[in-house]
Amino acid sequence: MHELGLVVYVIDAVEQLAKEKNLTEIGSITLELGEVSSVVPDYFKDCWNYSHKKSDLLKNTELKIEIIPALTVCSDCGKTYPTVEFKKKCPHCSSDDTYLLRGNEFNIKEIEAC
Ligand SMILES: [Zn+2]
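Residues numbered from 1 in each chain as written. Predicted model: local features only at pLDDT ≥ 70, side-chain atom pairs only at ≥ 80, totals over all residues. Heavy atoms only, no water.

What about the sheet that holds strand 3 (residues 71-74)?
Read across the sheet, 3 strands follow the order 4-3-5 without closing on themselves; strand pairing throughout is antiparallel. Every other strand in the sheet has two partners, leaving strand 4 (80-82) and strand 5 (98-102) as the edge strands with one partner each. Sheet twist, expressed as the mean angle between neighbouring strand axes with direction ignored, is 35°. With 4 bridges connecting them, strand 3 and strand 5 associate as antiparallel partners. Bridging from a neighbouring strand, leucine 71 pairs with arginine 102 of strand 5. (Pairing = 2+ DSSP bridges. Helix = DSSP H or I, 4+ residues; strand = E, 2+ residues; numbered from the N terminus. Axes fitted to C-alpha atoms, helices over the stretch in contact; angles between N-to-C directions.)

Following this line, the structure appears as C-alpha cells:
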C-alpha cells in the first residue's frame, strides 16, 4: 500500500504548481495510470478522498483516472500483444524474450483550474 504516499506526492505537486500560477482552486486532476503499474485505482481513490479535503486548494477537486492498457513487445518476432492476457509469453511465436512497452505509467496528465 503505497497509494497514500502517491496521493501526497500528487497533492504536493499540484499545490506547488498552483502557487506558481496563482491558482486558488483546482477543478479537476487527471491521472494516467498504467494497467500493470503497482497502483490500485480504488485504493488511490480512497486515499484521495481522505486527503484532499484537508487542502483548501483541492477540497472541491475532482479526481479523474485514465487507465493506460498494458502492451508488451516480443524481441524475437517484434510483434506486440496485450500484457494482461498473455503475461510474459508471446502469443505469436511463444517466445519468453519479451518486455513491457507501456502500462507502467503514473503521470499527472492534466490539471484544470476552476
Ligand atoms: Zn513473438
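Picking up after the structure, the text goes on.
A word on the coordination of the zinc ion
Every protein donor of the zinc ion is listed here as Cys74 (SG), Cys77 (SG), Cys90 (SG) and Cys93 (SG), and their distances to the metal cover 2.3 Å. Around the zinc ion, the 4 donor atoms sit at angles spanning 104 to 115°, and that spread fits a shape best called tetrahedral. For the zinc ion, all donor residues lie on one chain, and their spacing in sequence is C-x2-C-x12-C-x2-C. Taken together, the positions of cysteine 77 in the loop between strand 3 and strand 4 and cysteine 93 in the loop between helix 3 (83-86) and strand 5 put the pair 16 residues apart, joining distant regions of the chain. By relative accessible area, cysteine 93 is classed as partly exposed at 34%. (Donors = N, O, S within 2.8 Å, 3.2 Å for Na, K, Ca; no water. Tetrahedral: all angles 85-135°; square planar, octahedral: opposite > 155°, others 65-115°. Buried < 20%, exposed > 50% of the residue type's maximum accessible area, 1.4 Å probe, protein only.)

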